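# Coordinate inspection notes
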Amino acid sequence: MPTTRREFLGLAGSVTVFPIVTLRPVEATPTILNAAIRNVVGEAAIRTGKVKLDIPPLVENGNTVPMTVSVASPMTADDYVKSIHVFNEKNPQPNIGNFYMNPSSGRAQVSTRIRLADTQKVVAIARLSDDSFWQVAADVVVTLAACTEEMN
Amino acid sequence: MAALINVPAKARRGDTIEIRTLTSHIMETGFRHTMDGVLVPRDIITSFTCRYNGTEIFRADLFPAIAANPYLSFFTVAKESGKFEFEWIGDNGYSSTASATITVE
């Protein structure tokens, strides 16, 4: 079986396999953030929706970032928001704040100013009166970090 | 400590009103070091409560990720004339109060 160069190349070309590697960006929740969320939520399922998180997508100064969380809820005696919990991904501590309300709040909305130590994800979770949990996440790019700088 | 409270002086019964509060506090995170490498101890407000004629209407647990001079805005339904009382509690026995009145027609 004479193997010529031409035959060899023809054969090699026909059996060349193109390996297809798909790299999917995994929305990995860091364990510390996950643990903090589970601490509040327990084993309950967290659904996405209902909650709105207003935070600038790009902040120059992570020392004071305005943030508003609102939840679509009629705020009646049998359908209201019990609490809103806000978490972050990369600060030294995953908690930002817990806010407790009741039907007499009239509107499920809270605003504050927060610190962000790095470009990261902020997660807001609402607990409704039927003990269901709803969440939303927002990515924030921070150019000047908070928390960890040296004091003068 | 000084606090700034913004509550409408008058409201109609049943209106949803916004309450805004700002208090002066360093909110030292406990994660910063001095130039000598010494850790600066944590000194933050950990809890905020608002009562409307004695009934708690809003409460918050604060963490080091809340910016210095904590600002909080929230809502309530104006039910009756009376008094809002605000209380901030924090590390090292910190406690501060403020109040505001409202006339509901």
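Residues numbered from 1 in each chain as written. Chains lettered and ligands numbered in written order. Predicted model: local features only at pLDDT ≥ 70, side-chain atom pairs only at ≥ 80, totals over all residues.

### A short note on the overall build of chain B
Along its length, chain B carries zero helices and eight strands. Reading chain B from its N end, one meets helices and strands in the order β-β-β-β-β-β-β-β. Computed over C-alpha atoms, the radius of gyration of chain B comes to 16 Å, more than 25% over the 13 Å expected from 2.2 N^0.38 for 105 residues, which places it beyond the range of a compact globule. Taken along its principal axes, the extent of the C-alpha atoms in chain B is 60 × 20 × 20 Å. Taken over 105 residues, chain B has a buried fraction of 30%. (Helix = DSSP H or I, 4+ residues; strand = E, 2+ residues; numbered from the N terminus. Rg over C-alpha atoms; globule rule 2.2 N^0.38 Å. Buried ≥ 20, exposed ≤ 12 C-beta atoms within 10 Å, placed from the backbone.)

### With respect to the overall build of chain A
When helices and strands are tallied, chain A shows two helices and nine strands. Along the chain direction, N to C, the helices and strands of chain A fall in the order α-α-β-β-β-β-β-β-β-β-β. Per-residue burial over chain A gives 34% buried out of 152 residues. Here the analysis covers contacts within chain A between residues at least 6 apart in sequence; of these, 69% occur between residues at least 24 apart. (Contact = placed C-beta atoms within 7 Å.)

### Description of the sheet that holds strand 3 (residues 16–23) of chain B
With antiparallel pairing, the six strands of this open sheet are ordered in space as 2(A)-4(A)-7(A)-6(B)-3(B)-1(B). Each edge of the open sheet is held by one strand with a lone partner, namely strand 2 (51–54) of chain A together with strand 1 (3–6) of chain B. Between one strand axis and the next, the sheet turns through 15 degrees on average, direction left out of account. Taken together, the four bridges between strand 1 of chain B and strand 3 of chain B define a ladder with antiparallel strand orientation. Across the sheet, the residue bridging to isoleucine 5 of chain B is threonine 21 of chain B, located in strand 3 of chain B. (Pairing = 2+ DSSP bridges. Axes fitted to C-alpha atoms, helices over the stretch in contact; angles between N-to-C directions.)

### Overview of the nonpolar core
Inside soluble globular proteins, nonpolar side chains tend to come together where they are buried. Within the largest apolar cluster, 57 residues are counted, with the highest numbers of intra-cluster contacts made by Val81, Ile84, Ile114 and Leu116 of chain A together with Ile66 of chain B. With five residues, strand 8 (residues 120–128) of chain A is the single largest residue contributor to this core. When residues no more than four places from it in sequence are discounted, the contact partners of isoleucine 66 of chain B are Ile96, Gly97, Thr112 and Ile114 of chain A together with Met27 of chain B. (Core = buried A, V, L, I, M, F, W, Y, C linked by C-beta atoms within 7 Å.)

### Thoughts on the interface of chain A and chain B
When the parts of a complex come together, some accessible area is lost, and that lost area is often used as the size of the interface. The interface is formed by 30 residues belonging to chain A together with 27 residues belonging to chain B. Sorting the residues of the side of chain A that touches chain B by element identifies strand 6 (95–100) and strand 7 (109–114) of chain A as the ones contributing at least two each. When its residues are assigned to classes, the side of chain A that touches chain B shows nine nonpolar, 16 polar and five charged. As judged from the four bridges shared by strand 6 of chain A and strand 5 (residues 55–62) of chain B, these two strands associate in the antiparallel manner. What sits directly across from asparagine 98 of chain A, in strand 5 of chain B, is aspartate 61 of chain B. (Nonpolar A, V, L, I, M, F, W, Y, C, P; charged D, E, K, R; others polar.)

### Structural notes on the pairing of strand 7 of chain A
Of the pairings in the sheet, the one linking strand 4 (residues 65–71) of chain A to strand 7 of chain A comprises six bridges and is antiparallel in character. From the neighbouring strand, proline 66 of chain A faces strand 7 of chain A, where its bridge partner is arginine 113 of chain A. Here strand 7 of chain A pairs with strand 6 (residues 71–77) of chain B via two bridges, running antiparallel. Looking at the pairing, serine 111 of chain A lines up with serine 73 of chain B of strand 6 of chain B.

### Things to note about the environment of alanine 77 of chain A
As for its position among the elements, alanine 77 of chain A is in the loop between strand 4 and strand 5 (81–88). Residues alanine 77 of chain A and valine 142 of chain A, 65 residues apart in the sequence, show an inter-C-alpha distance of 40 Å.

### Focus: the confidence of the model for chain B
Per-chain confidence: chain B averages 95 in pLDDT, with 99% of residues scoring 70 or above. Across the whole predicted complex the pTM is 0.85, and at the interface the ipTM reaches 0.94. (pLDDT = per-residue confidence, 0-100.)

### As for unusual backbone geometry
With phi around 65 degrees, aspartate 131 of chain A is a residue other than glycine that occupies positive phi space. Tracing the chain through its elements places aspartate 131 of chain A in the loop between strand 8 and strand 9 (133–144). Of note, asparagine 69 of chain B is a non-glycine position whose phi angle comes to about 55 degrees, a positive value. Tracing the chain through its elements places asparagine 69 of chain B in the loop between strand 5 and strand 6. Asparagine 69 of chain B gets classed as partly exposed once you count the C-beta atoms within 10 Å, which come to 18.

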